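Chain and residue survey
Here's the letter readout for the chains.
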Amino acid sequence: MNASLAELAGRVVASFEKALREMKISAPFFISQNDGTLMQPDFVARFPVLTFASGPTNSMRGAARLAGLADAMVVDIGGTTSDVGMLMQGFPRESAVSVDIGGVRTNFRMPDVLAIGLGGGSLVRDDGARIGPDSVGYQLTEKARVFGGDTLTTTDIIVAAGLEEIGDSARVADVPASVVKTALARMETMVDEAVDRMKTSAEPLPVVLVGGGAILIRDRIPSASQLVRPENASVANAIGAAIAQVGGEVDRVFSMEGQSREAVLNMAKSEAMDRAREAGARPETIKVIDIEEVPLAYLPGSATRIRVKAVGDLAIAPAPVPAA
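Note that the structure is predicted; figures quoted are calculated from it, not measured.

Now for the nonpolar core. Counting residues in hydrophobic clusters, the biggest one holds 40 residues, and the most contacted among them are Ile 157, Met 187 and Val 207. Every element with two or more residues in this core is listed here: β3 (72-77), β4 (82-88), β8 (113-116), β9 (122-125), α5 (154-160), α6 (177-198), β11 (205-210) and β12 (224-228). Looking at this core element by element, the count peaks at ten residues for α6. Those residues within four positions of Ile 157 in sequence are excluded, and the remaining contacts are Val 124, Leu 152, Val 175, Val 179, Val 180, Ala 183, Leu 184 and Met 187. In terms of nonpolar packing, the next biggest core, distinct from the first, is built from 14 residues, Val 246, Leu 265, Ala 268 and Ile 286 among them.

Put into structure tokens, the structure is as follows:
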């Protein structure tokens, strides 16, 4: 998959670099990857698959910063879909199963995200009982009734309920109150069920709503201990990219024979932290955020697959002070 995308990835990276030169921007250039950390441009050109699903990851990282929560469920509501994912120590939980991408079954890291057909442009049918999965998408300002169109969308429902002032509310004054009530309840149920599916226990947990469509959910949902709508939630994606850290990862088989478990883990941690530093992280900020151990009974020497992830803040040299 990397090989098939290599030419395209090279062109994309070159285009970014050209655009930055033309705009006379001399700031260091990085691209975010799907684990919430940054990559050098030449690394992206070699391993483009690591950027898959970096969008939802950025939104989740941004949500963590805006809400001040390191462990929570994040619901990123856009125009067509809602992405639901779990934050653990401020980073998205990774999927534990193989992921199908373009018909190819893969086994590399991907954020564990559930997408549902609910967005600001989702179509409302059956007197509010059916929402989506189809959407007017980017044509919301043309097709939604509050903007002069003839398609009833979730945004129209929010305006008809008097919860937001968007477009011309007079255009949805004829929407029956029963339809509005049913549609609002259906939207909340869709999000509640998605959050419940992504939880690992029955206990309620904080739910952070971000994205331009976060206005769709107004009342508390049963699966949430609290519903958080942080300021600037609509730009959580951009904030997540801006605060991204540099990461280093080790994922290989270690032999435990003749060594203590603690010694082997320390070796793996040190290797991961070294990789983070080499990738551009400030040494004093590097910390280990994830460790996984999988004993391999079918290999000799007490073989164990160990995966360690370390992250740190980006080390950027200060800009030179102009001469007086």
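So, about the pattern of salt bridges. As a working rule, side chains carrying opposite charge can pair if their charged atoms are close by. Per the counting criterion, the structure on display carries 17 salt bridges. The salt bridge partner of Arg 252 is Glu 271, with a shortest N-O separation of 3.0 Å. Taken together, the positions of Arg 252 in strand β13 (residues 245-255) and Glu 271 in helix α8 (residues 261-278) put the pair 19 residues apart, joining distant regions of the chain. For Asp 274, the salt bridge identified is with Arg 277, shortest N-O distance 3.0 Å. Of this pair, Asp 274 and Arg 277 both sit in helix α8, three residues apart, which is roughly one turn of that helix. The network of salt bridges with common partners includes Glu 249, Asp 290, Glu 292 and Arg 307.

Quick look at a nonpolar patch on the surface now. The grouping of Leu 8, Val 12 and Phe 16 at the surface amounts to a nonpolar patch, some 250 Å² of accessible area in total. Locating Leu 8 in the fold gives a position in helix α1 (residues 2-22).

What follows is about α6. Helix length check: α6, at 22 residues, gives a terminal C-alpha distance of 32 Å against a target of 32 Å (1.5 Å per residue), a fit within 8%. Along α6, the residues that are buried comprise Val 179, Val 180, Ala 183, Leu 184, Met 187, Glu 188, Met 190, Val 191, Asp 192, Ala 194, Val 195 and Met 198.

Inspection of every chain in the model, using the stated rule, returns two aromatic pairs. Between Phe 16 and Phe 29, the aromatic rings sit 5.8 Å apart at their centres with planes inclined by 55°, giving tilted as the arrangement. With Phe 16 in helix α1 and Phe 29 in the loop between α1 and β1 (31-32), this residue pair connects regions lying 13 residues apart in the sequence. By relative accessible area, Phe 29 is classed as buried at 17%.

What counts, and where the lines are drawn
Residues numbered from 1 in each chain as written. Predicted model: local features only at pLDDT ≥ 70, side-chain atom pairs only at ≥ 80, totals over all residues. Heavy atoms only, no water. Core = buried A, V, L, I, M, F, W, Y, C linked by side-chain atoms within 4.5 Å. Buried < 20%, exposed > 50% of the residue type's maximum accessible area, 1.4 Å probe, protein only. Helix = DSSP H or I, 4+ residues; strand = E, 2+ residues; numbered from the N terminus. Contact = heavy atoms within 4.5 Å. Salt bridge = Lys/Arg side-chain N within 4 Å of Asp/Glu carboxyl O. Patch = residues over 30% accessible without salt bridge, like charges linked within 9 Å, V, L, I, M, F, W, Y side chains within 5 Å. Areas by Shrake-Rupley, 256 points an atom, 1.4 Å probe, with all protein chains shown as cover. Expected span 1.5 Å × (residues − 1). Phe/Tyr/Trp six-rings, centres within 6.5 Å; stacked < 30°, edge-to-face > 60°.

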